[in-house]
Each structure stands twice: as structure tokens, then as C-alpha cells.
Amino acid sequence: MTTYLIKMLLGGSVCGIGALIVCLIKKYQARKLIYIVVLSVYAGAILTLTLWRSVTPGMERHFNLIPFREIISNLRREIYYHALTMLVNIGMFIPFGVLLKIGKLNIKKTLLICFLSSLGIELIQVILNTGSFDIDDIILNVIGTLAGFFLTALFMHIKQHKG
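Here is what the cut-offs are and how they apply
Residues numbered from 1 in each chain as written. Predicted model: local features only at pLDDT ≥ 70, side-chain atom pairs only at ≥ 80, totals over all residues. Heavy atoms only, no water. Phe/Tyr/Trp six-rings, centres within 6.5 Å; stacked < 30°, edge-to-face > 60°. Patch = residues over 30% accessible without salt bridge, like charges linked within 9 Å, V, L, I, M, F, W, Y side chains within 5 Å. Areas by Shrake-Rupley, 256 points an atom, 1.4 Å probe, with all protein chains shown as cover. Salt bridge = Lys/Arg side-chain N within 4 Å of Asp/Glu carboxyl O. Helix = DSSP H or I, 4+ residues; strand = E, 2+ residues; numbered from the N terminus. Contact = heavy atoms within 4.5 Å. Core = buried A, V, L, I, M, F, W, Y, C linked by side-chain atoms within 4.5 Å. Buried < 20%, exposed > 50% of the residue type's maximum accessible area, 1.4 Å probe, protein only. Axes fitted to C-alpha atoms, helices over the stretch in contact; angles between N-to-C directions. Parallel < 35°, antiparallel > 145°, perpendicular 65-115°, else oblique. Nonpolar A, V, L, I, M, F, W, Y, C, P; charged D, E, K, R; others polar. Expected span 1.5 Å × (residues − 1). Arc of directions from axis to C-beta.

### Quick word on the packing of aromatic side chains
Turning to step 1, where the next piece is worked out: One pass over the full model with this rule turns up 3 aromatic pairs.
Turning to step 2, where the next piece is worked out: The interplanar angle of 80° and the centroid separation of 5.9 Å between the aromatic rings of Phe 93 and Phe 96 together place this pair among those described as edge-to-face.
Turning to step 3, where the next piece is worked out: Between Phe 149 and Phe 150, the aromatic rings sit 5.4 Å apart at their centres with planes inclined by 90°, giving edge-to-face as the arrangement.

### Things to note about a nonpolar patch on the surface
Turning to step 1, where the next piece is worked out: On the surface, a nonpolar cluster with roughly 390 Å² of combined accessible area is contributed by Leu 123, Ile 124, Ile 127 and Leu 128.
Turning to step 2, where the next piece is worked out: As for its position among the elements, Ile 124 is in helix α6 (residues 107-128).

### Let's talk about the environment of Arg 77
Turning to step 1, where the next piece is worked out: Assignment of secondary structure puts Arg 77 in helix α3 (residues 69-77).
Turning to step 2, where the next piece is worked out: If we ignore the near neighbours within four places in the chain, the residues touching Arg 77 are Glu 70 and His 82.

### A closer look at the nonpolar core
Turning to step 1, where the next piece is worked out: Counting residues in hydrophobic clusters, the biggest one holds 17 residues, and the most contacted among them are Tyr 42, Ile 46, Phe 93 and Phe 96.
Turning to step 2, where the next piece is worked out: Elements with a minimum of two residues in this core: α2 (30-51), α5 (94-102), α6 and α7 (135-162).
Turning to step 3, where the next piece is worked out: With 5 residues, the top contributor of residues to this core is α2.
Turning to step 4, where the next piece is worked out: For Phe 93, the residues in contact, after removing those within four places along its chain, are Tyr 42, Ile 46, Cys 114, Ser 118, Ile 121, Asn 141, Gly 144 and Thr 145.

### Notes on the side chain of Thr 152
Turning to step 1, where the next piece is worked out: Following the sequence through the fold, Thr 152 ends up in helix α7.
Turning to step 2, where the next piece is worked out: For Thr 152, a relative accessible area of 10% puts it in the buried group.
Turning to step 3, where the next piece is worked out: Ignoring any residue separated from it by four or fewer positions in sequence, one finds Thr 152 in contact with Val 98, Lys 101 and Ile 102.

### Digging into the packing of helix α4 (residues 80-91) against α7
When two helices pack together, their arrangement is given by the angle between the helix axes and the distance between those axes.
Turning to step 1, where the next piece is worked out: Across the interface, α4 lies against α7 with an axial gap of 6 Å and an inter-helix angle of 50°. Relative to α7, the element α4 lies oblique. Counted together, Met 86, Asn 89 and Ile 90 of α4 and Asp 137, Leu 140, Asn 141, Ile 143 and Gly 144 of α7 form the full contact between these two elements.
Turning to step 2, where the next piece is worked out: Broken down by class, the residue content of the contact of α4 with α7 amounts to 4 nonpolar, 3 polar and 1 charged.

### Observations regarding the side chain of Ser 40
Turning to step 1, where the next piece is worked out: Structurally, the position occupied by Ser 40 is in helix α2.
Turning to step 2, where the next piece is worked out: Not counting the four nearest positions on each side in its chain, Ser 40 is found in contact with Gly 12, Cys 15, Gly 16 and Ala 19.

### Overview of unusual backbone geometry
Turning to step 1, where the next piece is worked out: The backbone phi angle of Phe 68 is positive, close to 70°, even though this residue is not glycine.
Turning to step 2, where the next piece is worked out: One non-glycine residue, Asn 129, lies in the positive phi region at around 60°.
Turning to step 3, where the next piece is worked out: Turning to its location among the elements, Asn 129 is positioned in the loop between α6 and β2 (133-134).
Turning to step 4, where the next piece is worked out: Overall, the relative accessible area of 34% leaves Asn 129 in the partly exposed class.

### Concerning α4
Turning to step 1, where the next piece is worked out: In a regular helix each residue adds 1.5 Å, so 12 residues correspond to 16 Å; α4 covers 16 Å between its end C-alpha atoms and thus fits that length.
Turning to step 2, where the next piece is worked out: Here α4 has its buried residues at His 82, Met 86 and Asn 89. Here the buried residues of α4 occupy an arc of 60° about the axis, which is enough to place them on one side. Facing away from the buried side of α4 by more than 90 degrees, the exposed set consists of Tyr 80, Tyr 81 and Leu 87.

### So, the environment of Tyr 80
Turning to step 1, where the next piece is worked out: Looking at where Tyr 80 falls in the secondary structure, it is placed in helix α4.
Turning to step 2, where the next piece is worked out: Here Tyr 80 falls in the exposed class, since its relative accessible area comes to 65%.
Turning to step 3, where the next piece is worked out: Taking C-alpha positions, Tyr 80 is 22 Å from Ala 147, a pair spaced 67 residues apart along the chain.

This is the structure in C-alpha cells:
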């Protein structure tokens, strides 16, 4: 667990520093600069977590192209590990939805960006031999992004009508 946190911090920091340099060169306003740096740190952390991992010798790679197959199978097994994996896939994309909503993206663009980002991660995992392709991971990532998007929209709506 500590190794993953260190890798996430390293990957996120590298992306954040790169974004900061670009923003300073382009002389972005502070608000835009902060948004881009935070989004870059988050993206770097996610990419590091999902792509920079060691492959266990003899690890079985699988390709699931049937939507909900693994999700339903995992729910039927009622094994803590599988439930936790599904929650992690959802949870790690909630901040993505929050950031995209704060960035004033609409729901269509949010869905498209999340889907393409998740698809890219799954494909790169196969190419780099660091994981398997699972359409259910994409579905869970989209659910997480939508949860973050709608929770942020709700919070913004409440704040707007309160103040």
C-alpha cells in the first residue's frame, strides 16, 4: 500500500510540476493555473496507479468484453477482495467527475472524456503487459466520474440557492 502511495505521489508530482511550468510560461490566471495543476496531479496519480505496477509472474491476464460480466460474477461470489476492487474502480474516478464539473464541462463532454480516458488506460495496460482489459472497469470508472460530477453539481446548486 505504501509503495502505491509513493508511486502516486511521484507520478502526480511530475505531472503537476510539468503543468505548473506550462501554465507559468503561458501566464495563466491563478484560478486556471490551480485547476490545471490539480487536474494534472490527479491524472498523473491515476496513470501511475493503473499503469506503473509490477506484473506477478504467472499472473493470468484476461480480456472481458462483455459488459457487467465481471461485476455480476463478483457480486455473486461475495468475496471482500472483489467488492473492494469494484469500489476502488469507482472511488478513484470520483475526483475526476468533481474536477470536470468544476471545469464547467457538461455531462456529454464529461462522459466522453471519462470513457476515452478509461479506455486508454485499459488499452495501455494490455500493451505494456501491466494488466488486463476489462470493460467492467470502464463502466465502474464512468460510474465514479458521474458520482463525482453529480455530487459536485448538487453541492454547487445548494450553495447557489443558499447564498
